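Breakdown of the fold
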Amino acid sequence: MITTTRREILVGSGAITGALVIPVALGAGRSRAATAPALAANAWLGVDPEGHVTLALPKTEMGQGILTAITMLAAEELAVKPGDVKVTIADGDAARFAPIDQGTGGSTSIRELWQPLREAGARARAALVAAGASQWGVPAADCDAHDGAVLHKASGKVLPYAALVAAAAAAPLPKDAPVRPASAYKVIGRPLRRLDGDAKARGTAEYGIDVVRPGMKYASIAVCPIFGGTLSGVDEAAARAVPGVTGVIKGADVVYVVADNTWAARQGLTAAKPQWTGTAAQTGAQTAAILGDVVAALDKPGFVAATSGDLAAARQGTVHHFSATYTQPFLAHATMEPANCVAHVHDGGCDIWTGTQIPSDARKAAAARLGLPLEKVTLHNRLMGGGFGRRLEADMVERCVDLAKQVAFPVKLIWSREEDMAHDWYRPAYADRIDIALAADGKIAAWEHKIAGSSILARLMGPAFKGVDDDAVEGAITPIYPATARKVTFQAQESLVPTSWWRGVGPLRSAFVMESAMDEVAHMAGADPIAFRLAHIEDPRARAVLETVRVQSGWADKPAAGIGRGVAVIHLWDTYMAAVAEVSVDKDHQITVKKVTVAVDCGQVVNPSGVAAQIDSGVIFGASAALFGEVTIANGRVEQSNFHDYRVLRMNEAPAINTTIVENHEKPGGMGEPPNAVIFPALANAVFAATGKRVRNLPLQKGLQSA
Amino acid sequence: MAVTLTINGKRRTFDVPPEMPLLWLLRDVAQLTGTKFGCAAGLCGACSVLVDGVRMFGCQTPAGDAQGKSITTIEGLAEQPLGKALMTAWNEVDVVQCGYCQPGQIIAAAALLKDNAKPDDNAIDAGMSGNICRCGTYPRIRTAIRRAAAIHAGEKA
C-alpha cells in the first residue's frame, strides 16, 4: 500500500466547490486551496473540510455506469446521498490507487472495489462517529452517521460532518470498522438514476474528443492500411494548399495533417493522397487463409488448460456422440466516439487529455514513448463515448504524443471513422472443436473442447506465456455441466491482424460454443433444451436463473408461427445469467430479433437500474455482433470502413428486452459482459429453432444464408 | 468567406469556407461540442441538429447551405419547452449510458415530436432509425419519447 499524506489527498481530490459535482469539464486548475484538514479514508476517498464526501473514481466511466455504482458504495458507508458525493474522474496514477488497478475491463470494477471501498468508507464513518461521540462525551456505540451528520440516537442531537472533520482527521483512522450490513442498506440495491446522465443528455459532459486547450490545433491521421506496411509517398504540397492546414508530419507508417480545425485537417489528409507499401506477406493476407490457419490449429495437440478423468475410458459405451467445429470472426469495437487524444508536450513534460480505460498504463506508455520520467507526464482522463475494450489499448495516446512532440502547441488528434475501423485492435477470430458423448443414462460421459485463435495474453505476457491463454479458455474450463471426463486445450495461432480485448472476449467465445453445443446435444437426444440443461446442472444459482427465464419467457407456451426460441445459460464473471431469444426469419433468410427475456443473479445488486441497463446494452451490442459483426481482410487491409458495411442494430431492429433480477446478498458479480456473452448462443439456438439450420460459423446472418 | 447563421437564437458570423460541414463549424469554430462526430457519412446521427426546425446531419450539411438559417443544437434545445420535456423524460427513464449519441438521439426525438405529438412505436422506430447507439439504449429511448410526448402535452404521468 502506498502511503499518501492528507495534503496530497486534498489537492488530488480537487476540493471543488458546489454541492453536486457532475463530472463535467473537470479540467486541471480547478483545485482550490483548503484551509482546514480533510479526513482521508484512503488515497482517493475522504471527507473535505466542508463535510462533503470526496471520491476520485478508481475506475473509468465508459457508459457502464460505474461512476454511479461506485459513488453509491461510498454514499452507503458514509451515510450521504449519492448525489451529494463530489466525484472526480481521476488522472492516470497507478501509485495513488494501488493496489486497485485503474484499468477497467473484465467486468471487475464492483468485484474489485466492493470490499475495499466499503471498508475504507466504514473506517472514515467510524472516525466521524468517534469525533461526534467525543464532543458529546457519550459512547460511540450510541451514535451513528446519518445524512451527512453524526447522530446521537438517544437525544436526537446531530453534528454535521463539517463540524467533525478536523477532529476526526486528527485522530488515527480506526483499524477495523464494520461495513453496513445488507439489512441496513439505504442506497445499495435501490435503483438510482445515473449521476452523469443529465450532463450527457444536455451535451455539456466532456468526453476526450470535446477537450479544448488554449492555442490548440487539430490533426487528422492516416496509418498504413496494410498491417505492418509503411508510408511510401505523400503529396505534402497538396495538403498544405488546403486553407487552414498548417503542417504535414510523416512517420514510418503514418501521416498527420495539422490544421486550424478538424475539417481542414481532414481535407488536407485527402489531398495528401498518402501511398503505402507492404511486403508480399503483408499484402497477401486474406481472411480465408487466416481463418483456415486458425481452424487447422485445432488439429495440433494444443496446450492443456483443464483435464479430469479418462476421456477414452469415459467414451466407452456412450450412446450419443456429438462433434462440431465452430468459428467466430474478427470483430471491431466501433465505439460511437472515434479514437482521439489531445496532447501538449511542453517544458520538459507532457499533458494528455483523453478518454481511456487504462489511465495509468496509458500514462506509462506515453512516458516511454516520449522518453520522459513518469512524473513529467500527466494523463487527464475523461468520459468515454464507449469503450468495449477498445480503450484498453494505448495506441491513440502513443500516436498522439508522437505528433505532439513535433509541434509547439496542444494538438487534438481525431481518427476518422474509417481510420478507427481500419486500425482497431480486433477481437480475435477463433475456432473451437467440441466433442461430447452421452452415457446411456443421459449424463455427459466425455467432454473434449479444443480452442484455437490469436492469444491476447501471449502478446501482453511475452516470455511468461506458457501456451494456455487464461482468458481464451475462461468459461470453457469451468462449465456448469458436470462430465465424467473432460479435457480443454488451447492453441495460439497468430496472423498479422492485431488483436485485443473486446467486451466478453474469451468467455464470450466459450459461451457461444458451449451453449450452442449443449443445444445441439439436447436436440440430438430429443430433449427440450431447458429441461436437458436442468437435467445436467447442479449449481442451484444456475438452475434458478434458468428456471426463472423459462417462466418469464413463457417457454411452456408454443411460440407464435414463424418464431423460433433459443435459450442459453452462463456462469461467468461471478454472475449467473440465462436468456431466451425469440427470432423470426423471413423467406430471404433475414433474421429479426423480436424479444429477449433475461434472468440474472449477479449477487448483491448495487444499482438495479444500472444492471437492467447493462442487460439492454449487452443484448443489443451482442446481437449486433452475433448477427452481423465481421471484420474481413483483403490484401492485408481491413475491408470494412463505416456503419454501412459494419452493420449494427438500429432502433427499428432492437428487440423488446424483459429482465428479471434474482435477488440475493451473495458477493456481487460482474455485469459489463455477461449479457453480451449469453445472447450469442441464445440467438444461434433461436435461429435453429426457427429454421432447422444450425449456424456454427458466425456471424449468424451470413452463416444462415450459406447454411 | 463568411457564413452567417443563427445558432440557438444568436446571430453569428464565421470566417469559414462555405463547404465546411456544420458539424465542424459547431464543434471547432463555435465551440459547441454537444454536437458529436460519429461517422462523417450521414450514417449514425450523432451530429444531428435542427435547421429551421428540421433534423439535419451536421456532417452532411455544408455551412453555406445553412446561411441565414436558424440552427438549434442540443445546447439550445435543452432550454426550449420541448427540449426540457425531453431532458426530464431522459432523466426519469435513466436512458443514458456512455451518452455520446444522446444529443443526436434527443435532437431526432425533438424533430419526431414536432411532427407527431404522440408517436406510436412504429413512428418512433421510423423517426429514430437514423441514429445509432452502441450501448443499446434503444428500449429506454422508446419509453422516454413516449414519456416526453406526455410531458410536453401537459398530461400527467
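Residue indices begin from 1 for each chain and proceed along its sequence in written order. By the order in which they are written, chains take letters starting at A while ligands take numbers starting at 1. Only residues with pLDDT of 70 or above have their local features reported here, since the model is predicted, and side-chain atom pairs are shown and tallied only from 80 upward, although totals for entire chains, interfaces and linings are computed over all residues.

Below, the discussion takes up the overall build of chain A. Regarding its fold elements, chain A presents 21 helices and 27 strands. The C-alpha atoms of chain A give a radius of gyration of 27 Å, which matches the 27 Å a tight globule of 707 residues would have. With respect to the three principal axes, the spread of C-alpha positions in chain A is 80 × 75 × 50 Å. Here the contacts in chain A between residues at least 6 apart in sequence split such that 78% fall between residues at least 24 apart. Numbering goes from the N terminus for both helices and strands, where a helix is a DSSP run of H or I of at least four residues and a strand is a run of E of at least two. Atoms counted for the radius of gyration: C-alpha only. Globule rule: 2.2 Å times residue count to the power 0.38. Note on contacts: each residue gets a C-beta atom placed from the backbone, and two residues are in contact if those atoms are within 7 Å.

Attention shifts here to the overall build of chain B. A count of helices and strands for chain B gives 6 helices and 5 strands. Whereas a compact globule of 157 residues would reach a radius of gyration of roughly 15 Å, chain B reaches 15 Å, a difference of no more than 12%. Taking the principal axes of its C-alpha atoms as reference, chain B extends roughly 50 × 30 × 25 Å. Residues classed as buried in chain B amount to 62% of the 157 residues present. Burial in this document is a count-based property: other C-beta atoms within 10 Å of a residue's C-beta are tallied, and the residue is buried at 20 or more, exposed at 12 or fewer, or partly exposed in between, with C-beta positions derived from the backbone.

It is worth spelling out the interface of chain B and chain A at this point. With 46 residues of chain B in contact, the opposing surface of chain A contributes 50 residues. Of all the elements in the fold, those that place two or more residues in the side of chain B that touches chain A are helix H1 (22–29), helix H2 (74–77), helix H3 (81–93), helix H4 (102–115), helix H5 (121–128) and helix H6 (138–152) of chain B. Residue polarity follows a fixed list, in which Ala, Val, Leu, Ile, Met, Phe, Trp, Tyr, Cys and Pro are nonpolar, Asp, Glu, Lys and Arg are charged, and the others, Gly among them, are polar. Grouping the constituent residues of the side of chain B that touches chain A by class yields 29 nonpolar, 11 polar and 6 charged.

To continue, consider the domain arrangement of chain A. All names here are of chain A. Its domain assignment divides chain A into domain 1 (6–202), domain 2 (208–278 + 339–414) and domain 3 (288–330 + 427–705). An automatic or database domain assignment supplies the start and end points of every domain. One C-alpha centre belongs to domain 2, the other to domain 3, and the line joining them spans 37 Å. Residue-level contacts link 10 residues of domain 2 with 9 residues of domain 3.

Another point: the environment of A:Trp44. Residues and elements named next belong to chain A. With respect to the helices, strands and loops of the structure, Trp44 is situated in the loop between strand E1 (39–40) and strand E2 (45–47). As for Trp44 and Val319, which are separated by 275 residues in sequence, their C-alpha atoms are 59 Å apart. Apart from the residues within four sequence positions on either side, Trp44 is in contact with Leu55, Ala56, Pro58, Ala90, Arg96 and Phe97.

All right, on to the nonpolar core then. All names here are of chain A. Note on terminology: a nonpolar core is a set of buried residues of type Ala, Val, Leu, Ile, Met, Phe, Trp, Tyr or Cys, with members joined through C-beta atoms within 7 Å. In this structure, Val257, Ala366, Ala578, Ala579, Ile679, Leu683 and Val687 are the most contacted members of the largest nonpolar core, which totals 299 residues. Top contributing element to this core by residue count: helix H4 (residues 109–136), with 13 residues. Ignoring sequence-local partners within four residues, the contact set of Val687 consists of Gly564, Val583, Val585, Ile591, Lys693, Val695, Leu700 and Leu704.

Detailed reading of the predicted model is not advised wherever pLDDT is low. One confidence number per residue, pLDDT, is output by the predictor and ranges from 0 to 100. Here chain A averages 94 in pLDDT, while 95% of its residues score no lower than 70. Counted against residues more than four places away or in other chains, residues 1–35 of chain A, with its pLDDT under 50, gives 61 contacts.

For the rest of this paragraph, the subject is the sheet that holds strand E5 (residues 143–146) of chain A. Residues and elements named next belong to chain A. Being paired, for any two strands, means DSSP has found at least two bridges between them. With antiparallel pairing, the 3 strands of this open sheet are ordered in space as E5-E6-E7. Because the sheet does not close on itself, it has two edges, and the strands there are E5 and strand E7 (158–160). When the angles between neighbouring strand axes are averaged without regard to direction, this sheet yields 25°. Across 3 bridges, strand E6 (residues 149–152) lies against E7 in antiparallel orientation. Within the sheet, the bridge partner assigned to Ala149 lies in E7 and is Pro160. Against the sheet, H4 engages E5, E6 and E7, with an angle of about 125° to E5. To define axes, lines are fitted to C-alpha atoms, for helices over the stretch in contact only, and angles between the resulting N-to-C directions are given on a 0 to 180 degree scale. On the sheet, helix H5 (residues 161–170) packs against E6 and E7 and is oriented at approximately 75° with respect to E7.

Residue and element names in this part refer to chain A. Looking at where Tyr646 falls in the secondary structure, it is placed in the loop between strand E26 (637–638) and strand E27 (656–661). Note on Tyr646: 23 C-beta atoms within 10 Å, which makes it buried. Tyr646 sits 240 residues away from Gln406 along the chain, and the two C-alpha atoms are 35 Å apart. Setting aside anything within four residues of it in sequence, one finds Tyr646 in contact with Ala332, Ala334, Met421 and Gln640.

The next point concerns the domain arrangement of chain B. Residue and element names in this part refer to chain B. The domains assigned to chain B are domain 1 (3–76) and domain 2 (78–152). Each of domain 1 and domain 2 has a C-alpha centre, and the two are 20 Å apart. In this assembly, 17 residues from domain 1 lie in contact with 16 residues from domain 2. Sorting the residues of the side of domain 1 that touches domain 2 by element identifies strand E3 (48–51), strand E4 (54–57) and H2 as the ones contributing at least two each. Of the residues in the side of domain 1 that touches domain 2, the class split is 7 nonpolar, 7 polar and 3 charged.

Our focus in this paragraph is unusual backbone geometry. All names here are of chain A. Here the residue pair Ala98 and Pro99 is connected by a cis peptide bond, since its omega of 5° sits within 30 degrees of zero. For Pro99, the location among the structural elements is in the loop between helix H3 (94–97) and H4. With an omega of 0°, the peptide bond between Leu698 and Pro699 qualifies as cis. Even without a glycine there, the phi angle at Ser107 is positive, about 50°. One can find Ser107 in the loop between H3 and H4. Judged by the 26 C-beta atoms lying within 10 Å of it, Ser107 is buried. At Asp147, a position not held by glycine, the phi torsion is positive, near 50°. With respect to the helices, strands and loops of the structure, Asp147 is situated in the loop between E5 and E6. Owing to 13 C-beta atoms within 10 Å, Asp147 belongs among the partly exposed residues under this scheme.

Another aspect to go through is the environment of A:Leu403. Residues and elements named next belong to chain A. Turning to its location among the elements, Leu403 is positioned in helix H13 (residues 395–404). What makes Leu403 buried here is the crowd of 21 C-beta atoms within 10 Å. In sequence terms Leu403 and Tyr256 are 147 residues apart; their C-alpha atoms lie 7.5 Å from each other. If we skip the residues at most four places from it in the chain, Leu403 touches Ala219, Ile249, Tyr256, Val411 and Leu413.

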